[in-house]
Amino acid sequence: MIKIMYVARRASLFALLLFSMQASAATWRYAIEESLSEVQGVYAAKFKEVIESNSNHEVLIYPFGTLGESADVMEQAQAGILQFVDQSPGFTGSLIPETQLFLMPYILPEKKSEVRYFYKHARVIKENFKALYAKQNLELLRMFPEGAVAITTQKEFRSPEDLKGQKIRVMTSPLLVETYKAFGAVPTPLPWGEVFGALQTNMIQGQENPWFYIESGKLYEVTEVITDVGHNIFTTAIMANLDFYASLPKAEQQLIQLASETALDFILDYQDGLTEASRAKIKNAKPSIKFVTLSDAERAPFRKNAKQVEAKFIEMTGPSGQAILNQLKVDLDAARNQ
Ligand code: 6CS
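Residues numbered from 1 in each chain as written. Predicted model: local features only at pLDDT ≥ 70, side-chain atom pairs only at ≥ 80, totals over all residues. Heavy atoms only, no water.

A word on the packing of helix α5 (residues 112–121) against helix α6 (residues 123–134). Following both chains from N to C, one finds α5 and α6 inclined at 35°, their axes separated by 5 Å at the closest point. Across from Phe118, Tyr119, Lys120 and His121 in α5, the residues of α6 making contact are Arg123, Val124, Ile125 and Lys126. Considered class by class, the residues forming the contact of α5 with α6 number 4 nonpolar, 1 polar and 3 charged. (Axes fitted to C-alpha atoms, helices over the stretch in contact; angles between N-to-C directions. Helix = DSSP H or I, 4+ residues; strand = E, 2+ residues; numbered from the N terminus. Contact = heavy atoms within 4.5 Å. Nonpolar A, V, L, I, M, F, W, Y, C, P; charged D, E, K, R; others polar.)

Encoded structure:
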């Protein structure tokens, strides 16, 4: 009798162990705003590789278009339907106005070593933004750059006056609207899915994006001129649903941190030469396209007008935005003096 009870107890302990092992093998859903072969997709694939080779979890990546626009996937991540999401500040601005800091023209560095140092070490990301995202039930994991932003147009421009009356599409951020007003244009906020069609039908005449995206989205097909005014680098952010993240054992949180940092290093290296390669592909596909790089003198009025965008940022975000801007400047100094 005692032996039967002993065997039964061992059997149920074994079943419990088996159950907990199965329960710990989870499927984590991760949505991005781009395709798998674009920068966010490459980051996500590296993240997935690190998670899957160090645990029995599976990471399912949902590329742009599979779950809706960027605003839709953010709602799904906040609700916990998705465990991870990549959303760029150009869309997060309506939820967390301070993230528009990354859209402010002529503030982020152009030099590669400074860019790298900034995204790896900035306290404004690790502390200030981490706290702001947490208020929206999001654990901010990393922010990373996606390259210098260029402006596509139908006609050449060299000054804010030349952009008068030109409808330029921006992501749905109030601060980007202010930027393009300051640049002399008529800003037109649209979700990504509508951009190609709007250019094709001349509802808008231009838009801004990193070179790789202009190439992979074939925007050059509906563009005559691509201009570098040196005003920004594109920033994106990856985050986890906070309830989900907080419920994980410490070791799993550490694995997520490891995967996020490994993917950050990987994506920084991956982008070496990406802009140059994208420019070459565009020229090859459309030899008639014109590339323009504004000189320092031509950039001067854009820089001057950018000052009013900083004032708008403070108007939109108040003391919290001011504190964040101050911290950003400290971090940028650290990156310059590293
Ligand atoms: O312009 C946009 O809407 C977007 N640009 C990039 C580079 N990534 C995601 C986003 O859809």
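Moving on from the coordinates now.
By volume, the largest pocket is sized at about 760 Å³. Surrounding the largest pocket, 31 residues form its lining, Glu110, Val115, Gly147, Ala148 and Ile233 being those nearest its centre. The set of elements that each furnish at least two residues to the lining of the largest pocket consists of α5, β4 (138–153), α9 (211–216), α11 (250–270) and α12 (274–285). In terms of residue class, the lining of the largest pocket is made up of 14 nonpolar, 7 polar and 10 charged. (1 Å grid on protein atoms, 1.4 Å probe; cavity = no way out; pocket = protein on both sides within 12 Å on 5 of 7 lines; lining within 4 Å. Points joined across faces, edges and corners; volume = space filled by probe spheres on them.)

What follows deals with the nonpolar core. If you look at the biggest cluster of nonpolar residues, it comprises 58 residues, and the most contacted ones within it are Phe118 and Phe129. Mapped onto this core, the elements with two or more residues apiece are α3 (70–79), α5, α6, β4, β5 (167–170), α7 (174–182), β9 (233–241) and α13 (296–336). No other element matches α13, which puts 9 residues into this core. Ile61, Ala150, Val195 and Ile226 belong to the second largest nonpolar core, which has 45 residues in total. (Core = buried A, V, L, I, M, F, W, Y, C linked by side-chain atoms within 4.5 Å. Buried < 20%, exposed > 50% of the residue type's maximum accessible area, 1.4 Å probe, protein only.)

A few words on the packing of aromatic side chains. For the structure shown, the criterion picks out 15 aromatic pairs. Between Tyr30 and Phe47, the ring centres sit 5.4 Å apart and the planes meet at 85°, which makes this aromatic pair edge-to-face. Linking Tyr30 in strand β1 (residues 27–31) with Phe47 in helix α2 (residues 39–54), this pair joins segments that are 17 residues apart in sequence. Grouping residues by exposure puts Tyr30 and Phe47 together as buried. In textbook terms, an aromatic cluster arises when at least three aromatic residues are bridged by ring pairs, as seen for Trp28, Tyr30, Phe47, Phe84 and Phe244. The positively charged end of Arg279 is found above the aromatic ring belonging to Trp211, 4.5 Å away from the centroid. Positioned over the ring face of Phe291 is Lys283, at 5.2 Å from the centre of the ring. (Phe/Tyr/Trp six-rings, centres within 6.5 Å; stacked < 30°, edge-to-face > 60°. Lys NZ or Arg CZ within 6 Å of the ring centre and 35° of its normal.)

What follows deals with the site of the ligand. The environment of the ligand is made up of Glu33, Glu34, Gln40, Phe91, Arg169, Met171, Trp192, Asn209, Pro210, Tyr213 and Phe234. In the model, a nitrogen atom of the ligand is placed 2.7 Å from a nitrogen or oxygen of the Glu34 side chain. Here the ligand occupies the largest cavity. Residue composition of the shell around the ligand, by class: 6 nonpolar, 2 polar and 3 charged. (Near = heavy atom within 4 Å. Polar contact = N/O pair within 3.5 Å; in protein donor to acceptor, adjacent residues only side chain to side chain. Sits in = over half its atoms within 2 Å of the grid points.)

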